[in-house]
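What follows is the residue order along each chain.
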Amino acid sequence: MATPYAFFAATGHGFEPLPFAVSAWSSTMINGPAICGLLARALELQHCSAEFTPARLTVDLFRPTLNKPVTVVTELVRAGKRIRVADAALMQDGADVARATAIFLKRSVQPPGEVWTRGDGPRPPEVPIADGPTPPLWNSDGRADGWSSRIGEHQNGGRKRTWQVPMSVIEGETSSAFAGAAMIGEATSMMTNWGSKGIGFINTDLTLALARPAIGPEIGLEADSHISADGIAVGSATLFDRSGSFGTCMVTALSNADRQVDFADGSVFAARAGIQ
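Residues numbered from 1 in each chain as written. Predicted model: local features only at pLDDT ≥ 70, side-chain atom pairs only at ≥ 80, totals over all residues. Heavy atoms only, no water.

Novice: Got a minute to help me understand the sheet that holds strand 2 (residues 14–17) in this structure?
Specialist: Hydrogen bonds along the backbone pair up the strands of a sheet, which may run parallel or antiparallel. With mixed pairing, three strands are arranged side by side in an open sheet as 2-1-9. Only two strands of the sheet have a single partner each, and these edge strands are strand 2 and strand 9 (168–170). On average, each strand axis in the sheet is inclined to that of its neighbour by 30°, with strand direction left out of account. Bridge analysis of strand 1 (residues 6–11) against strand 2 gives four bridges, and the strand direction is antiparallel. Following the sheet pairing, A9 is matched in strand 2 by E16. Those strands touched by helix 1 (residues 32–47) are strand 1, strand 2 and strand 9, and its axis lies near 65° from that of strand 9. (Pairing = 2+ DSSP bridges. Helix = DSSP H or I, 4+ residues; strand = E, 2+ residues; numbered from the N terminus. Axes fitted to C-alpha atoms, helices over the stretch in contact; angles between N-to-C directions. Contact = heavy atoms within 4.5 Å.)

What follows is the structure, given as structure tokens:
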């Protein structure tokens, strides 16, 4: 029987993690993309109406989320005419293990005038347009052969990129553009902290900022910066689709050198094709 290409199964008691939700750091933990996707899904479904669009998601990953069922509780903080704010908590055994805040903004017209913007935005790989979830493609500076599905080929000191149609948050559902951006955006930690010896930083949060939803199911992520000192790192990345850049993501991370994840042989991704 094929493994469901989703992070969770919905049950009467919450959400049961599926094999793709297992973290690369430990088989006893749920990975960051699964957590962020589930929180984004709950906040959008319960608090974003048709005339609003998700503009920011901040997720705090302050406890290990264990590989067992979770529940999500949300609360509307403010329901304004142009701004809505909502909070969510991810819970296990009655305790919060992660929390999130989302801001939803009402769409309107662009103001007049010219504003500087980055001109050399990231570009997608030259591959056919996908219409369903796909394993990730990887790209790194310094490799003449460009994009590939073999992760070990990109373990180097170059700038990183990834591209894919994200898997479903919930088995049997098609994930929204917001949930997809949250799942791919969480890989900012991977894209900005992945070096020649693997990844030795684990992110403690995520802040996703979106000017618009992704157009189409495919989403890419390109590293913009990595700054680190004394075992603390800050990384930022740009989200893009076939129409151009549509958002940014930032993470902070702590050294996790005693559990360094080495992608050189690709074994971490042999059992699943998730992001982290």
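Novice: How should I be thinking about the pattern of salt bridges in this particular structure?
Specialist: By the definition in use, this model includes 13 salt bridges. Ionic pairing is found between E173 and R41, a salt bridge with its closest N-O pair at 2.8 Å. Residue E173 is located in the loop between strand 9 and helix 2 (177–185), and its partner R41 is located in helix 1; the two are separated by 132 residues in the primary sequence. By relative accessible area, which is 32% here, E173 ends up partly exposed. Put simply, R99 and D60 hold a salt bridge, and the shortest N to O gap is 3.0 Å. One end of the pair, R99, is in strand 6 (residues 95–106); the other, D60, is in strand 3 (residues 52–60), and 39 residues separate them in sequence. Through salt bridges with shared partners, a single ionic network connects R118, D120, D141, R159, R161, E222 and D224. (Salt bridge = Lys/Arg side-chain N within 4 Å of Asp/Glu carboxyl O. Buried < 20%, exposed > 50% of the residue type's maximum accessible area, 1.4 Å probe, protein only.)

As far as function goes, none of this settles anything; it's purely spatial.
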